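Residue strings, one per chain:
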Amino acid sequence: MRRRVTQLLAVGPYVFVALSFVVSRLVYRLSFGVRFDATPVGFYIQYIDPFFMREDLWRSLLYLHHQAPLQNLLVALPLRHLPADQAFAVLDAIYVALGLATALGLVHLMLRLRASPLLASLGTVLYTLNPTTVLYETWLFYHLPVTCILLWSVIALWAFYQSGRARHGVACFGLIALAALFRSTLGPLFLGVLLALLVWLPPPWLPRVRSARLGVLRCAALPLLVLALNSVKPQLVLGYGYGEAMAWGNLVTKVYTELPPAEQRRLQREHLVSPAVGLFCLTDLAEFGTLRIPLTPTGVPLLDMERAPNRRWNAHALEYLWLTQRYYKPDALYLLKHYPEAYLHNVLRAVSAYAAAGTTDLMLPGTANYALLRPLFEPIDAQLGRAPDGRLLALAIALPLVAAFGFWRLLHREPHPRATRRERVVLTYMLLTIAYVTAVTTGVSFGDWSRYRYDIDPLYLTLGVLMLSDGARALRRVWQSVRPLPDAAS
Amino acid sequence: MRRWLKRLVIAIFALLSVGVIVIWPARVAPEQPSFLWRSSSADAGFGVFGSLGAHGIAGLVFHTAEQAAPWVLIDTLRLRMLDRVVLVNRTDCCMARGLPLFVEVANHTLQFVEVGRTDAPFAEWTVAFPLRVARFIRLRSPATTILHLREVRVP
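What counts, and where the lines are drawn
- Residues numbered from 1 in each chain as written.
- Chains lettered and ligands numbered in written order.
- Predicted model: local features only at pLDDT ≥ 70, side-chain atom pairs only at ≥ 80, totals over all residues.
- Heavy atoms only, no water.
- Core = buried A, V, L, I, M, F, W, Y, C linked by side-chain atoms within 4.5 Å.
- Buried < 20%, exposed > 50% of the residue type's maximum accessible area, 1.4 Å probe, protein only.
- Helix = DSSP H or I, 4+ residues; strand = E, 2+ residues; numbered from the N terminus.
- Contact = heavy atoms within 4.5 Å.
- Disulfide = S-S within 2.5 Å.
- 1 Å grid on protein atoms, 1.4 Å probe; cavity = no way out; pocket = protein on both sides within 12 Å on 5 of 7 lines; lining within 4 Å.
- Points joined across faces, edges and corners; volume = space filled by probe spheres on them.
- Nonpolar A, V, L, I, M, F, W, Y, C, P; charged D, E, K, R; others polar.
- Phe/Tyr/Trp six-rings, centres within 6.5 Å; stacked < 30°, edge-to-face > 60°.
- Lys NZ or Arg CZ within 6 Å of the ring centre and 35° of its normal.
- Expected span 1.5 Å × (residues − 1).

## Here's the deal with the nonpolar core
So, step 1. Phe88(A), Leu140(A) and Leu198(A) are the most contacted members of the largest nonpolar core, which has 159 residues in total.
So, step 2. Per element, the largest residue contribution to this core is 18 residues, and it comes from helix 6 (residues 84–112) of chain A.
So, step 3. Residues within four places of Leu140(A) in sequence aside, it is in contact with Phe36(A), Asp37(A), Ala38(A), Pro40(A), Val41(A), Tyr47(A), Gln71(A), Val75(A), Phe88(A), Leu91(A) and Tyr95(A).
So, step 4. Among the nonpolar cores identified, the runner-up in size contains 28 residues, and Phe62(B), Leu99(B), Val105(B) and Phe122(B) belong to it.

Written out as structure tokens, the structure reads:
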């Protein structure tokens, strides 16, 4: 009986979270009319047009040069084999499944890190019920898959350090590689940093440190190889670096938009920068006008076609790479060299904007679900102290606080050495992920920073719940120590 | 290893089942009847605007007067990925009305793109076209004629 109660208590948080998830999703869909929004496939630059998905998928993925391939593959596979409405229904089901996997993973990670079951359940349910979470979950974009995969990579890392089994190590590195194949921001460098950490502090279960380190390297070999191949692929097939068409243009916009208008005009007048600086680097090629570069067709439709047959502009054409080399790269280097303070100012603005609500974004307000959920998330944001630029006072305080708590917990020693190493590695990985994603997105992207934070929100939340749990335990200890001892005579 | 794989497959299957359970009620809930339409003119007891769920005489959902270049604009209420539209004509009579019929779609900008046309009478016509983002569907005829249909389905 006692064993059964213990078992029930152990699965209780999972059942509570799963039930909350299912009920809330049904309410959001049936009462608020929220539907899966597949329209990004039709016009976001992150996607190749469905024409290429259906007619020339594998070659298009091979020549994809500024986006990671898996999000396009995820959409393309059902679209190639099913009518559009059924294909999007399949993707809808996959996204709901990913949402549930994220919620269950979140509560699981919190419990593994010894958070209070009550606080872990409440924290996860609040995250699950949040309309912003629903907005991202019904948005056919790479954020939900990346969020879910990153979260489960932390859990796999935990399992690796608990069991020392190679399959958990392979799962951890494989999941990180998978996330990086969904999102170009994460790359071999990210995986390499984790690998260095694990080689430095290998799982304590193997008899000798050397063999443990070799074991870690063996687990990471294949995922690292796949990521490295994906990163060098554009260099091998096109002769240009991975993501160049987007990175240099973003850097130009980051610096140029920080300059006063008079300085911008002077730079243009004196031909110190090209006229392309005023254009988004992946905008419709027709907008480049006389700046355009005539190219000899390569025979690859994705690289050659300026437009898909439905007249949508093709943001993956080869000409963008040439425009980058001719205009954006020299402009970015010039601007970074002469206006480093403008770049730094933009980075600081980006870091500060990380505390904005997840709905503060350029693209989300154009979605149908945004309009449906706005009456829900706006009052919540107002309670959290929303500033006119979208930043939330509560987040501005909470994010640095929980990150600082993470560092504190990392340095705080526990009595059990094995538990210490496991927790230290997992916490270090979580903090590294937060730091890496923040650094790359604020350092390169010119906007939408709070959207990028969505990928690491579960990690922040986990740290926040751990902080509250530790705080509650400390308070209980203080209370017990000051409570008067019972009278021995009574 | 095999047990681990078995667990993974079961977990994925269970998660996807929840996905289907959650999306299914919303997918079978009627959405199309609430799609709105506006027309260039009205006749046979119809107004110049209405919804696709309201059927009038002969089961029609809209009916323009006989006029030069009549049109009907359907609002599907949100942007969606469209690759076909199904038009169901009346079959009791008058199937040749509304010809030639042009089908156009547009997003929020209302810049219409032609996705299909027919000169032949039809009972049911599936207008298939390359997948695109659209919200509005416009049916128009350049002739002096009447536009009426029994159903317009957006998958």
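## A few points about the state of the cysteines
All names here are of chain B.
So, step 1. Summed over all chains, the structure comprises one disulfide over all chains.
So, step 2. Between the sulfur atoms of Cys93 and its disulfide mate Cys94 the distance is 2.2 Å. Disulfide Cys93-Cys94: torsion about the S-S bond near -70°, hence left-handed.
So, step 3. The class of Cys93 is partly exposed, set by a relative accessible area of 30%.

## Observations concerning unusual backbone geometry
So, step 1. Across the junction of Leu99(B) and Pro100(B), the peptide omega takes the value -10°, indicating a cis bond.
So, step 2. In this structure, Pro100(B) sits in the loop between strand 5 (71–88) and strand 6 (101–106).
So, step 3. Although it is not a glycine, Asp448(A) sits at a positive phi angle of roughly 60°.
So, step 4. Note on placement: Asp448(A) falls in the loop between helix 20 (417–444) and helix 21 (449–453).
So, step 5. For Asp448(A), a relative accessible area of 13% corresponds to the buried category.

## Structural notes on the layout of surface pockets
So, step 1. Put simply, the second largest pocket is a space of about 1,500 Å³.
So, step 2. Along the wall of the second largest pocket there are 36 residues; nearest its centre are Trp152(A), Leu8(B), Ala11(B), Ile12(B) and Leu15(B).
So, step 3. No other element matches helix 1 (residues 2–28) of chain B, which puts 10 residues into the lining of the second largest pocket.
So, step 4. Across the lining of the second largest pocket, the residue classes break down as 29 nonpolar, five polar and two charged.

## Some thoughts on the packing of aromatic side chains
Aromatic ring pairs: the centre-centre distance and the angle between the two ring planes describe each pair.
So, step 1. Counted under the stated rule, the structure contains 19 aromatic pairs over all chains.
So, step 2. Plain terms: the ring middles of Phe51(A) and Phe52(A) are 5.2 Å apart, the flat faces sit at 70° to each other, and that makes the pair edge-to-face.
So, step 3. A connected cluster of aromatic rings, assembled from ring pairs, spans Phe43(A), Tyr44(A), Tyr136(A), Trp139(A), Phe141(A), Tyr142(A) and Tyr454(A).
So, step 4. Over the aromatic face of Phe102(B) sits the side chain of Arg140(B), whose NZ or CZ is 4.8 Å from the ring centroid.

## Observations regarding helix 10 (residues 166–182) of chain A
So, step 1. With 17 residues, helix 10 of chain A should cover 24 Å at 1.5 Å per step; its first-to-last C-alpha distance of 24 Å lies within 8% of that length.
So, step 2. When we look at burial in helix 10 of chain A, the residues that qualify are His168(A), Gly169(A), Cys172(A), Phe173(A), Ile176(A), Ala177(A), Ala179(A), Ala180(A), Leu181(A) and Phe182(A).

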